[in-house]
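Next come the chains, spelled out residue by residue.
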Amino acid sequence: MTDRFPKSLLIDGKTLEGASDGAIELTEPATETPLCAVPAVGEKEIDQALQAAQRGFAQGSWSSSNPAARSEALFRLARAIRENCERLARIEARNVGKPIGDARWEINAGARCFEFYAGAITQFGGRTIPVAKNGFDYTIRQPVGVVAAIVPWNFPFLMACWKVAPALATGNSVVLKPASLTPLSALALGELAWEAGVPGNILQVIAGRGSVVGDYLTGHPLVRKIAFTGETGTGARILRQAAGDIKRVSLELGGKSPNVIFADADVDAAAEAAPMAVFANTGQDCCARSRVLVERSVFDRFSEGFVAATKRLIVGDPLSEETQVGPLVSSGQRETVERYIAIAEEEGGKRLVGGSRPQSPGYYLAPTIFAGLPSKARVCQEEIFGPVACILPFESEAEAIALANDTQYGLSGSIWTRDIERALRVARAVESGVLSVNTNSSVHQEAPFGGFKRSGFGRDLGVEAMQLYTELKNVYIDLSGGK
Ligand code: NAP
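Throughout this document, residue positions are counted from 1 along each chain, in the order its sequence is written. Local features in this predicted model are restricted to residues whose pLDDT is 70 or higher, and side-chain atom pairs enter the listing and the counts only when it is 80 or higher, whereas totals over whole chains, interfaces and linings include all residues. Processing note: side-chain calculations cover all non-hydrogen atoms of the structure and skip hydrogens and water entirely.

**Q** Just checking my understanding: could you explain the domain arrangement of the chain for this structure?
**A** By a widely used convention, the size of an interface equals the accessible area lost when the partners come together. The domain boundaries here were taken from an automatic or database domain assignment. Taken as a whole, the chain is organised into domain 1 (9-253 + 456-473) and domain 2 (258-445). Relative placement of domain 1 and domain 2: their C-alpha centres are 30 Å apart. Each partner contributes to the interface: domain 1 provides 32 residues, whereas domain 2 provides 29 residues. Using a 1.4 Å probe, buried area is obtained as the accessible area two parts lose upon being combined, added over both of them. For the pair domain 1 and domain 2, the two sides together bury roughly 2,300 Å², of which 59% comes from carbon and sulfur. What counts as a salt bridge is simple: a side-chain nitrogen of Lys or Arg found within 4 Å of a carboxyl oxygen of Asp or Glu. At the junction of domain 1 with domain 2, the criterion picks out one salt bridge. Side-chain atoms alone can form a polar contact between residues adjacent in sequence; in general such a contact is a pair of N or O atoms within 3.5 Å, and within protein one must be able to donate a hydrogen while the other accepts it. Run the count over domain 1 and domain 2 and you get eight residue pairs in polar contact (both at pLDDT 80 or more). Secondary structure counts use DSSP, requiring at least four H or I residues in a row for a helix and at least two E residues in a row for a strand, with both numbered from the N terminus. Mapped onto the side of domain 1 that touches domain 2, the elements with two or more residues apiece are α3 (85-96) and α4 (100-120). Per-element tally for the side of domain 1 that touches domain 2: the top contributor is α4, with seven residues. Under the scheme applied here, ten amino acids are nonpolar (Ala, Val, Leu, Ile, Met, Phe, Trp, Tyr, Cys and Pro), four are charged (Asp, Glu, Lys and Arg), and all others, including Gly, are polar. When grouped by side-chain class, the residues that make up the side of domain 1 that touches domain 2 number 15 nonpolar, eight polar and nine charged. Should any heavy atoms of two residues lie within 4.5 Å, those residues are counted as being in contact.

What follows is the structure in C-alpha cells.
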C-alpha cells in the first residue's frame, strides 16, 4: 500500500510547503530509512499563526458561537477521523513505530475524544449561587483565547486530540505543535478539521523544533494558555516562560508508576498482565508501570510468570497485525535506554530477561526486566521511557505504600488485591493522579487524567479538561431596586 503523508503546515487557512527553519527529515523507526520531510517553522511563521489565531478569536464566529454549532463541527471531525482511521493508523505506525493494532485503537480513541467534547460542551456552563436575598449571582465559563498546544512523540495523535478537542469545544483558537520526530498525524488532523468546518485561523498546525522555537512560542504575548504534554524538564522550562505574563498552563509530564501486587491478589492474572503494563508502546508511555512491587511471599511465583509472559510478547514489524511491541522511536531513544540498562548492571541489578538488540534493522530492543535493585537505584527512580522494568519485593502494606510513593513522580499505577478494604486504603495513600485496581488500564475518556508531584498539574479528559480552557466569571445583579 502507498501511504500519503501530509507535507504542509496549516497556518491561517493556507497550506505552507516551506518555512524559515528549513525542513525536518523523518526516519521510519522500523527500517531506519527516510520516510518524508516537513517544513520547520521559525519565529516568522509563529508570529503569523498566533496573529491569525488572535484575529480568529477576537472576530468571534467560533469563540462566541452557539455551542451547538461547534458541537456539529466537532462531530463532523470525529466522523472524518473514523473514516480515515486506516490511513491515520498507518501514518502513526510508520512514523512512531507503533504496532498497527495499537495505532488503530489510538485513532479511534482520538475520534471518541472529539465526540465526547462535542456532546459535553452543550452541557457545560456556570451555576447560580444564593448570595443575597435581593440579588442574583451566577457564573459563566468563557474561552481563554489563544491556546498553544504542545505534544510529545509517544502518542502523537491522541495527545493532540486530548488538547485540541476540549480547547475547540470551549471556543478557543489553537496553535498545535507536535513533536519534531512525529508531526505527521497532527498535520493530518488539521487537514481533516479544516475539511470538517473548523476555521483555518481557529485550528492551525505547525511543525518546528522545540529547541529552536519552543521558548519563542511559549513566551509569546499573544498566547494566553499553554497546554503541554512532555518531559518534566521541558514542563519546568515552560512554566518559567509563562510566568512573565501569568499565562494559564497545564502540564502532563513524566511518570515512574508502580504496579503493586499483594499476595491475596490473583497473582497469575497480575503476572500475565504485567508485561503490557510496561512494555506497551515499547515502554514509551508516561503511564508505564515500570516499578513492579510484589509481596515477598509471592515474589518468585509472580516473577516467573512475568518473565514467561514477557518472553511470549511478539516484538516486530509495526505493520504486522500480530505485533505487540514495535521499535523505539529513534536511534537516540534506543541509546538512552541502553545506557540505563548498563547503569542497572553497574548498580548490581540482575537481568531476568531482555536487554539486547536484534541483528535486523530498526530501533528494536528486547523487553527487559531487572531484579535485585534497591528503590533508590537510578533505574528505579528515573523515567527511562523504554522497555525496562524493575521488580522489587515488599513485606507489608505500609512498605508497599512507602515504595509506591518513593518517586518524584505521581502519574499512574495499579494495585492488585482481592481485599476491597485494602484496595481503598492503598488507593487513597498512593500519591498519584490516576490508579487502577486489578487491571492496568486506567485511562478513560470520561474520567480525568493527570499527575501529582512532578508529573504535572491540570487534568486532561473528562469534563474537568474543559475547565482548563475556560475562565470562570462571577456576575452579581442587584435586584433590590435601591431599597
Ligand atoms: P519533550 O522533549 O518534553 O517534548 C514534548 C514537546 O515539547 C515536543 O513537541 C517538543 O518539541 C516540545 N519542546 C521541546 N523543547 C521545548 C521548549 N523549550 N519549549 C516548548 N516546547 C518544547 O518530551 P518528549 O520526549 O517528546 O515526550 C516524552 C515525555 O512526555 C515523557 O517524559 C513522557 O512521560 C511525557 N508524556 C506525558 C504524558 C502525560 O499525560 N503525563 C503523556 C505522554 C507523554 P521537539 O519534539 O521539537 O523537541
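Next comes the rest of the account.
**Q** Whenever I open this one, the site of the ligand confuses me. Can you help?
**A** It suffices for a single heavy atom of a residue to lie within 4 Å of a molecule or strand for the residue to be listed as near it. Looking at the ligand, there are 31 residues lining it, with Ser 180, Gly 210, Thr 234, Leu 253 and Glu 383 nearest. Within the contact set of the ligand, a nitrogen atom lies 3.4 Å away from a side-chain nitrogen or oxygen of Asp 215. Backbone polar atom of Gly 230 to an oxygen atom of the ligand: 3.4 Å apart, as the coordinates give it. Note on areas: these come from Shrake-Rupley sampling with a 1.4 Å probe, and a residue is covered only by the protein chains present in the view. Burial of the ligand by the protein amounts to 91% of the accessible area it has alone, namely 890 Å². Elements represented by at least two residues in the shell around the ligand include exactly α7 (210-219), β10 (225-229) and α8 (232-243).

**Q** When you look at the side chain of Ser 185 in this model, what are you seeing that I'm missing?
**A** Mapping Ser 185 onto the fold places it in helix α6 (residues 184-195). A distance of 2.9 Å separates polar atoms of two side chains, one belonging to Ser 185 and the other to Glu 92. Residue contacts for Ser 185: discarding those within four places in its chain leaves Ile 91, Glu 92, Pro 156 and Phe 157.

**Q** What is the right way to look at the pairing of strand β13 (residues 291-295) in this model?
**A** Every regular strand shows the same layout, with side chains that alternate between the two sheet faces. For each residue, the accessible area found with a 1.4 Å probe, counting protein chains only, is set against the maximum for its type, and the residue is called buried under 20%, exposed over 50%, and partly exposed in between. Of all five residues in β13, five are buried; the element is thus mostly enclosed. Two strands pair if DSSP finds at least two bridges between them. Here four bridges tie strand β12 (residues 258-261) to β13, and the two strands are oriented parallel to one another. Its bridge partner being in β13, Val 260 is matched across the sheet by Leu 293. Throughout, right-handed denotes a crossover for which the path from the first strand over the helix to the second runs clockwise when the strands point away from the viewer. With helix α9 (residues 267-279) bridging β12 and the parallel β13, this β-α-β connection has right-handed handedness. Direction of pairing for β13 relative to strand β16 (residues 388-394): parallel, over a ladder of five bridges. Pairing of Leu 293 across the sheet is with Leu 392, part of β16.

**Q** Hey, could you run me through the pattern of salt bridges in this one?
**A** Between side chains of opposite charge, pairing is possible as soon as their charged atoms come close. Under the definition given, this model contains 25 salt bridges. For the salt bridge of Arg 296 with Glu 395, the shortest nitrogen-to-oxygen distance reads 2.9 Å. Here Glu 395 lies in the loop between β16 and α13 (397-404) and Arg 296 lies in the loop between β13 and α10 (299-311), a separation of 99 residues in the sequence. Among the salt bridges present, the one from Arg 357 reaches Glu 338, with a minimum N-O distance of 2.7 Å. Here Glu 338 lies in helix α11 (residues 331-346) and Arg 357 lies in the loop between β14 (350-353) and β15 (368-371), a separation of 19 residues in the sequence. A network of salt bridges, in which partner residues are shared, links Asp 3, Glu 28, Arg 90 and Arg 94.

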